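Architecture at a glance
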Amino acid sequence: MQSRLRDGERTVEAPASDDAGLHFIGRIRTPWTRRADCPRQGRQDGPDCRIELFDPWGDALLGIEDYDQLEILYWLDRSRRDLVIQNPKNDGKRFVGTFALRSPQRPNPIGTASVRLMGVEGHCLIVRGLDCLDGTPLVDIKPDRCDFSPEAPWKAADQTPPE
Ligand code: SAM
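These numbers were taken from a predicted model, which means no experiment stands behind them.

The rules behind these values
- Residues numbered from 1 in each chain as written.
- Predicted model: local features only at pLDDT ≥ 70, side-chain atom pairs only at ≥ 80, totals over all residues.
- Heavy atoms only, no water.
- Pairing = 2+ DSSP bridges.
- Helix = DSSP H or I, 4+ residues; strand = E, 2+ residues; numbered from the N terminus.
- Axes fitted to C-alpha atoms, helices over the stretch in contact; angles between N-to-C directions.
- Salt bridge = Lys/Arg side-chain N within 4 Å of Asp/Glu carboxyl O.
- Buried < 20%, exposed > 50% of the residue type's maximum accessible area, 1.4 Å probe, protein only.
- Polar contact = N/O pair within 3.5 Å; in protein donor to acceptor, adjacent residues only side chain to side chain.
- Core = buried A, V, L, I, M, F, W, Y, C linked by side-chain atoms within 4.5 Å.
- Contact = heavy atoms within 4.5 Å.
- Disulfide = S-S within 2.5 Å.
- UniProt positions renumbered as here; feature names shortened; annotations may be inferred.
- Near = heavy atom within 4 Å.
- Areas by Shrake-Rupley, 256 points an atom, 1.4 Å probe, with all protein chains shown as cover.
- Nonpolar A, V, L, I, M, F, W, Y, C, P; charged D, E, K, R; others polar.

The strand order E2-E3-E8-E7-E4-E9 describes a closed barrel built from 6 strands, whose pairing is antiparallel. Adjacent strand axes in the sheet meet at a mean angle of 45 degrees, parallel and antiparallel pairs treated alike. Of the pairings in the sheet, the one linking strand E2 (residues 26-29) to strand E3 (residues 49-53) comprises 4 bridges and is antiparallel in character. Residue pairing across strands places Gly 26 opposite Leu 53, the latter belonging to E3.

Written out as C-alpha cells, the structure is:
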C-alpha cells in the first residue's frame, strides 16, 4: 500500500513501471511487519535476518562464505514511486528532493544495505544490518567492495596492476 502524502510534498505523473526487466531472486525475512518498526538504516548489531534464495539461484551462493561483509540490494515494494519533493520530518517546514534522501519513496525503490554475514544455511543467508519489512523482494547480493578483489584478469583500465 502506498504511504500517504504529507502536506506540501510533491509528486509527478510517474511512467508505467514495466519498462525494466528485473526479476526477484529471493525474499528477505526480517522481524518487522510494519514500516514504523523497521530501523531507518540497518545496524550490524541488529537482529539476525534471513535471505532466502529462490530456485534456480541457490547455487549462485558458491564462495559467499569467504566474505564477512555483503552488499544487499532489495526492492522496497511498498513505496510510492511518484514523489519528487519530500518532507522527511513531516514538519511542513523542510522539503528535500528525492535524490538528496535515502527515503524508500523513489522512482525505482531500490534499497541497499551493507550487512554482516553470520551464516549460510543451504540456499539461505543469515545476516545482520537490514532495515526492510518482512517479505521484501531480493534484487541482488554482492561481496562488499572493501573486501573484494576482482577475480577476472587485470586490464589497463584498472590502473593498479595486481601484486
Ligand atoms: N538501507 C536502505 C537504503 O539506504 O537504500 C533503505 C533505507 S529506507 C530509509 C528504510 C525504511 O524503508 C524503513 O525504515 C521502512 O520505513 C521502509 N521500508 C522497509 N521495507 C520496505 C518495503 N518493503 N517497502 C517500502 N518501504 C519499506
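Turning to the pattern of salt bridges, a few remarks are in order. Working definition: two side chains of opposite charge can pair if their charged atoms are close together. Enumeration according to the criterion identifies 10 salt bridges in this entry. Among the ionic pairs, Asp 82 bridges to Arg 80, the shortest N-O distance being 2.9 Å. Assigned by exposure class, Asp 82 and Arg 80 land together as buried. Counted as one network, the salt bridges with shared partners bring together Arg 27, Arg 50, Glu 52 and Glu 121.

Each strand in a sheet pairs with another by means of backbone hydrogen bonds, the pair being arranged parallel or else antiparallel. Ordered by their spatial adjacency, 3 strands build an open sheet running E1-E5-E6, and the pairing between neighbours is antiparallel. This sheet does not close on itself; its edge strands, each paired only once, are strand E1 (10-11) and strand E6 (96-97). Of the pairings in the sheet, the one linking strand E5 (residues 83-86) to E6 comprises 2 bridges and is antiparallel in character. Across the sheet, Gln 86 pairs through a bridge with Val 96, a residue of E6.

The sheet contact formed by strand E4 (residues 69-75) and strand E7 (residues 110-121) spans 7 bridges and is antiparallel. Residue pairing across strands places Glu 71 opposite Ser 114, the latter belonging to E7. Relative to strand E8 (residues 124-128), E7 runs antiparallel, the two being bridged by 5 bridges. Opposite Glu 121, over in E8, you have Cys 124 as the bridge partner. Count of turn residues in the E7/E8 antiparallel hairpin: 2 residues, of which Gly 122 carries a positive phi of about 60 degrees.

A few words now on the side chain of Gln 86. Looking at the element boundaries, Gln 86 is found in strand E5. Gln 86 sits in the buried class, given a relative accessible area of 5%. One polar contact links Gln 86 to Thr 98, side chain to side chain, over a distance of 3.0 Å.

Right, let's talk about the nonpolar core for a bit. The biggest cluster of nonpolar side chains holds 24 residues, and the ones touching the most others in it are Ile 51, Leu 70, Ile 72, Leu 125, Leu 130 and Ile 141. Listed by contribution, the elements that provide at least two residues to this core are E3, E4, E7, E8 and strand E9 (136-143). For Leu 70, the contacting residues outside a window of four places in its chain are Ile 64, Ala 113, Ser 114, Val 115, Leu 117, Leu 125, Ile 141, Lys 142, Pro 143 and Asp 144.

Attention now goes to the state of the cysteines. Counted by the stated rule, this structure contains 0 disulfides. In this structure Cys 132 is not part of a disulfide, and its nearest cysteine sulfur, from Cys 49, lies 6.8 Å away. Residue class for Cys 132 comes out buried when judged on its relative accessible area of 1%.

Here the focus is the UniProt feature "domain: TsaA-like" (unreviewed entry) in the chain. Mapped onto this numbering, the UniProt entry annotates "domain: TsaA-like" (unreviewed entry) at residues 22-153. Split by type, residues 22-153 is 0% helix and 36% strand. Its first and last C-alpha atoms lie 28 Å apart.

This part takes up the site of the ligand. Close to the ligand lie 18 residues, the nearest being Pro 39, Gln 41, Asp 77, Arg 102 and Asp 131. For the ligand, a nitrogen atom lies 2.9 Å from a polar atom in the backbone of Thr 112. Within the side chain of Asp 131, a nitrogen or oxygen atom sits 2.5 Å from a nitrogen atom of the ligand. When the free accessible area of the ligand is taken as 600 Å², the share hidden by the protein chains comes to 93%. For the shell around the ligand, the per-class residue count stands at 7 nonpolar, 5 polar and 6 charged.

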